[in-house]
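A closer look at the structure
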Amino acid sequence: MIEKLFEKGGVPVMPIMTHPGIELIGKRVIDAVTDGQVHYQAIIALSNAYPTPPASTTIMDLSVEAEAFGAEIVFHDDDVPTVTGRLLTCAEQVAELAVPSLETKRVPQYLKAIELAVKDLTKPLFGGCIGPFSLAGRLYDLTELMMAMYLEPDTATMLLDKCTEFITAYCLEMKKRGASGVVMAEPASGLLSNDDCLAFSTKYVKRIVEAVQDDNFAVILHNCGNSGQCTDAMVRSGAAALHFGNAIDMRSVVDSVPSDIVVMGNIDPVGVMKFGTPETVRAAVDNLLEIATGHENFVLSTGCDVPPAAPQKNIAALFR
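So, here's what we can say about the structure. (Residues numbered from 1 in each chain as written. Predicted model: local features only at pLDDT ≥ 70, side-chain atom pairs only at ≥ 80, totals over all residues. Heavy atoms only, no water.)

This part covers the overall build of the protein. From N to C terminus, the protein includes 15 helices and nine strands. Taking 20 Å as the expected radius of gyration for a compact globule of 320 residues, we find that the protein reaches 18 Å, a close match to that expectation. For the C-alpha atoms alone, the extent of the protein along its principal axes is close to 55 × 40 × 35 Å. Within the protein, buried positions represent 57% of all 320 residues. (Helix = DSSP H or I, 4+ residues; strand = E, 2+ residues; numbered from the N terminus. Rg over C-alpha atoms; globule rule 2.2 N^0.38 Å. Buried < 20%, exposed > 50% of the residue type's maximum accessible area, 1.4 Å probe, protein only.)

Spelled out as structure tokens, the structure:
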């Protein structure tokens, strides 16, 4: 499936981008993250307005899975929802935590968007999910989880097992609904050393990859928190593609990642795409194209999800 990104030849351009489509249909972020019909319409509108990308993506919303587990969510009219508070505070609560069904909270709306969109798109669609370590951090509190890794490792691994079980089921259902892959956002693991990332993130990501990835469904592992120290851990996940944020030097990435793994990144989605100009977009693109010379596994992308209110002129400049 990942090979389809390169079918047109040259350097593919595939930003992680859905929010501009919400604006194209005159809706708000809160409409799209709560209603699969609106979400689907945004995906289609964006694909029609900018046909260049070899694949489309759903919204990168890292609150969906945490909400399904019971976390409290704050909704915003024109920004992605956020997790607030701490759901779990001790090992006993982790032990009692039930893995939710895929019928819980907003999960069905995201699956609905995928099912509707794949019927209208003429290109692959990648769904989105959070990674296991990042989800565990939202449920247990990230600082507390990092302490538990050393002081209560059994608690940390028990929670990671439950997160992994749910994410695996979620990805398999995306696959069943027609998605060609998933962008798995695991930014919190970028705070870890390579060894800790291997033990508390990669181990679980790899379990998901082995359960869902095949010739027709690809996992794109996104880690915008990685500044270079855990690139090896990302490589060892087995994901078909690795997606990097703007905190990392892409030259070091393309030189170190094996050529059979797709490398994606890493234009600053805020500083360049939202607050820059077409000229700064052009400069960023030119820089990445120069870095990518000689690397046929490179896909030009944004370092993370293009945020709401990014100017359409900057998006057009990216593809131009």
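Structure shown, so let's carry the discussion forward.
Attention now moves to the environment of Cys-129. With respect to the element layout, Cys-129 can be found in strand β4 (residues 125-130). Among the residues examined, Cys-129 registers a relative accessible area of 3% and is labelled buried. Sequence separation of Cys-129 and Ile-167 is 38 residues, and the distance between their C-alpha atoms is 7.3 Å. Leave out the neighbours within four places in its chain, and Cys-129 touches Leu-62, Glu-65, Ile-167, Tyr-170, Cys-171, Met-174, Val-182, Val-183, Met-184 and Ala-185. (Contact = heavy atoms within 4.5 Å.)

Here we take up the pairing of strand β6 (residues 218-223). Counting buried positions along β6 yields six of six residues, so the element is predominantly enclosed. By the alternation rule, side chains of β6 split into Ala-218, Ile-220 and His-222 and Val-219, Leu-221 and Asn-223, which are all buried. Alignment of strand β5 (residues 181-185) against β6, held across five bridges, turns out to be parallel. Looking at the pairing, Val-182 lines up with Val-219 of β6. Taking the sense of rotation as the criterion, the β-α-β connection linking β5, helix α10 (residues 194-212) and β6 turns out right-handed. (Pairing = 2+ DSSP bridges. Right-handed = clockwise from strand over helix to strand, strands pointing away.)

The subject of this paragraph is the packing of helix α6 (residues 107-120) against helix α9 (residues 153-177). The interhelical angle for the contact between α6 and α9, taken along N-to-C directions, is 25 degrees, at an axis separation of 9 Å. Relative to α9, the element α6 is oriented roughly parallel. With respect to the hand of their crossing, α6 and α9 are arranged in right-handed fashion. Touching Val-107, Tyr-110, Leu-111, Lys-112, Ile-114, Glu-115 and Val-118 of α6 are Phe-166, Tyr-170, Glu-173, Met-174 and Arg-177, all from α9. Its residues placed into classes, the contact of α6 with α9 shows eight nonpolar, no polar and four charged. (Axes fitted to C-alpha atoms, helices over the stretch in contact; angles between N-to-C directions. Parallel < 35°, antiparallel > 145°, perpendicular 65-115°, else oblique. Left-handed = near helix turned anticlockwise from the far one by under 90°. Nonpolar A, V, L, I, M, F, W, Y, C, P; charged D, E, K, R; others polar.)

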